[in-house]
Amino acid sequence: MDSKDRTKQLLYDQFIRFLHVYENHKDTEIEHFLSIAQRESIDKIPQHLTAVHMIDCIGKHEPINNTGIAEAMNLSKASITKIGNKLLEEGFVKRTKMNDNKKESYFRLSPQGKKIFELHERLHVLEAERFYRSLDKYSEPELKIIHQFLQDSSMDMESRKTEGE
């Protein structure tokens, strides 16, 4: 095996390790969110991260309908309807009609939903700052290579998903 092939193998091994670490992180992300919400005396919290992300989507785009949320979150309308009904039942969102279209329902955040939205936004800012600090050690040309690699890897994974692999 030549040097380039060894390097490719090392990159592949590290990429697999990254995926496993990320998977474990995703599994604990909702617990982390819940513990921070409890520390901030937010007593009512959705129990699933997708519901928190739907609150985030509504907060960024309100008023927004099922179709808009489904497109923004890349989920089916049926999933959005199910999650939306649960959020409505739990008091995180309100459903409204627009004056010019009485047929279509739109979501807005309730005061409780706004608390979740604001906490989620603050946590995303902290995560972004942490991510940026981790990149500080790289030069501009290295950052461009990392960007290209992540972009290519994302496109590859997305194409596999559509191919059914």
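To be clear, the structure that these remarks concern was listed above.
Treat the numbers as computed from the prediction; the structure is a model and nothing was measured.

Novice: Go over the overall build of the protein, please, and point to the residues and values.
Specialist: Along its length, the protein carries 6 helices and 2 strands. Beginning at the N terminus, the succession of helices and strands in the protein can be written as α-α-α-α-β-β-α-α. Scaling as 2.2 N^0.38, a compact globule of 165 residues should have a C-alpha radius of gyration of about 15 Å, whereas the protein reaches 20 Å, well beyond that. For the protein, the C-alpha atoms occupy an extent of roughly 65 × 40 × 30 Å along the three principal directions. Split into buried and exposed, the 165 residues of the protein put 25% on the buried side.

Novice: Give a detailed account of helix H3 (residues 66-73), specifying residues and quantitative values.
Specialist: Along an α-helix, a turn takes 3.6 residues, which lines up residues three or four apart on a common side. Every buried residue of H3 is accounted for by Asn66, Gly68, Ile69, Ala70 and Met73. A distance of 3.3 Å separates the backbone nitrogen of Thr67 from a side-chain oxygen at the start of H3, and that oxygen is part of Asn65. Where H3 terminates, the next one or two residues include Asn74, which has phi positive at roughly 60 degrees.

Novice: Can you lay out helix H1 (residues 3-39) for me, pointing to particular residues and giving the numbers?
Specialist: For H1, spanning 37 residues, the distance from its first C-alpha to its last is 51 Å, which sits close to the expected 54 Å at 1.5 Å a residue. Of all bends in H1, the biggest is about 40 degrees, found at Thr28. On its buried face, H1 is in contact with helix H2 (49-61) and helix H5 (111-135). Just downstream of H1 lies Ser41, where phi reads positive at about 60 degrees.

Cut-off values and rules
- Residues numbered from 1 in each chain as written.
- Predicted model: local features only at pLDDT ≥ 70, side-chain atom pairs only at ≥ 80, totals over all residues.
- Heavy atoms only, no water.
- Helix = DSSP H or I, 4+ residues; strand = E, 2+ residues; numbered from the N terminus.
- Rg over C-alpha atoms; globule rule 2.2 N^0.38 Å.
- Buried < 20%, exposed > 50% of the residue type's maximum accessible area, 1.4 Å probe, protein only.
- Polar contact = N/O pair within 3.5 Å; in protein donor to acceptor, adjacent residues only side chain to side chain.
- Expected span 1.5 Å × (residues − 1).
- Bend = angle between axes of the 7 residues up to and from the residue.
- Contact = heavy atoms within 4.5 Å.

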